[in-house]
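# Notes for the structure review
Listed here are the chains, written in short residue letters.
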Amino acid sequence: MKVLVVVDMQNDFITGSLGTKEAQAIVPNVKKKIDEAVKNGDMIIFTRDTHYEDYLETKEGKKLPVEHCIKDTDGWQILAELMPPSDYDNVYVLDKFTFGSTELPVSMLCSGLVKNNDEIELIGLCTDICVVSNALILKAAFFDTHEISVDATCCAGVTPETHEAALKTMEMCQINVKR
């Protein structure tokens with residue numbers, strides 16, 4: 001079985017306060033990948049960047065002073081067209097409060113979302129911040145038991161240059177980058 005981790009495909013990163021044309025451009029590829037996972041009965045885990053009203057006062061907010069993904073706002077929501085059908089049971093949403101979530105591998109193991117030797121594939125936003133962070137955390141947690149991969153056609157970075165740099169970093173860390 002495969003576990004598809006869809007990283008932060010939220011309105012604010014696509015069309016909202018931090019949206020980019022590159023993020024908008026990958027939506028059809030991401031939708032196709034999610035539809036394929038549903039067809040195959042794969043586990044789908046959506047991560048959701050989650051901040052609160054005091055975001056601008058946090059350490060991250062002081063370095064990136066753009067309000068985004070404030071809990072319960074429209075910008076915080078996962079792009080609606082990407083959500084699997086409501087009767088699809090193999091879907092899980094994890095709110096994360098920083099770039100990479102150390103809770104991701106723990107919740108995957110404790111909840112039985114991942115089994116030994118499952119392939120874990122990541123897609124989403126932003127390649128150079130949250131995708132690379134979560135990929136490296138998963139690689140460290142499952143270094144000898146799971147293949148970790150990233151589909152570059154379903155990711156976008158803050159800029160095309162930093163997207164490519166993140167892909168190269170992941171390749172250097174033995175994460176399989178599908179181009």
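Everything below is about the structure shown above.
Here we summarise the structure given alongside this text. Small disclaimer: the values here were computed from a predicted structure and weren't measured. (Residues numbered from 1 in each chain as written. Predicted model: local features only at pLDDT ≥ 70, side-chain atom pairs only at ≥ 80, totals over all residues. Heavy atoms only, no water.)

## A few points about the pattern of salt bridges
Applying the stated rule across the entire model yields 12 salt bridges. Between Glu121 and Lys33 there is a salt bridge, with the nearest N and O atoms lying 3.2 Å from each other. In this pair, Glu121 is assigned in strand S4 (residues 119–125) and Lys33 in helix H2 (residues 21–40), connecting sequence segments 88 residues apart. A single burial state applies to Glu121 and to Lys33, both of which are buried. For Arg179, the salt bridge is made with Glu171, and the minimal N-O distance between the two is 3.3 Å. Residues joined in a network through salt bridges with shared partners are Lys2, Lys33, Glu119, Glu121, Asp151 and Lys178. (Salt bridge = Lys/Arg side-chain N within 4 Å of Asp/Glu carboxyl O. Helix = DSSP H or I, 4+ residues; strand = E, 2+ residues; numbered from the N terminus. Buried < 20%, exposed > 50% of the residue type's maximum accessible area, 1.4 Å probe, protein only.)

## Observations concerning the packing of helix H5 (residues 127–141) against helix H6 (residues 160–172)
Between two packed helices, both the angle of their axes relative to each other and the distance between the axes serve to describe the pair. Put simply, H5 and H6 touch, their axes get as near as 9 Å, and they point 15° apart. Viewed along their axes, H5 and H6 adopt a mutual orientation that is roughly parallel. Relative to H6, the crossing made by H5 is right-handed. Facing Thr127, Asp128, Val131, Val132 and Ala135 of H5, the residues of H6 in contact are Thr162, His163, Ala166, Leu167, Thr169 and Met170. The residue makeup of the contact of H5 with H6, split by class, is six nonpolar, four polar and one charged. (Axes fitted to C-alpha atoms, helices over the stretch in contact; angles between N-to-C directions. Parallel < 35°, antiparallel > 145°, perpendicular 65-115°, else oblique. Left-handed = near helix turned anticlockwise from the far one by under 90°. Contact = heavy atoms within 4.5 Å. Nonpolar A, V, L, I, M, F, W, Y, C, P; charged D, E, K, R; others polar.)

## Some details on the environment of Glu81
Tracing the chain through its elements places Glu81 in the loop between helix H3 (59–63) and strand S3 (91–96). Residue Glu81 is classed as partly exposed on the basis of its relative accessible area of 48%. Separated by 54 residues in sequence, Glu81 and Val27 have C-alpha atoms that sit 9.0 Å apart. Beyond its immediate stretch of four places on either side in the chain, Glu81 contacts Val27 and Lys31.

All we've got here are geometric facts, nothing functional implied.
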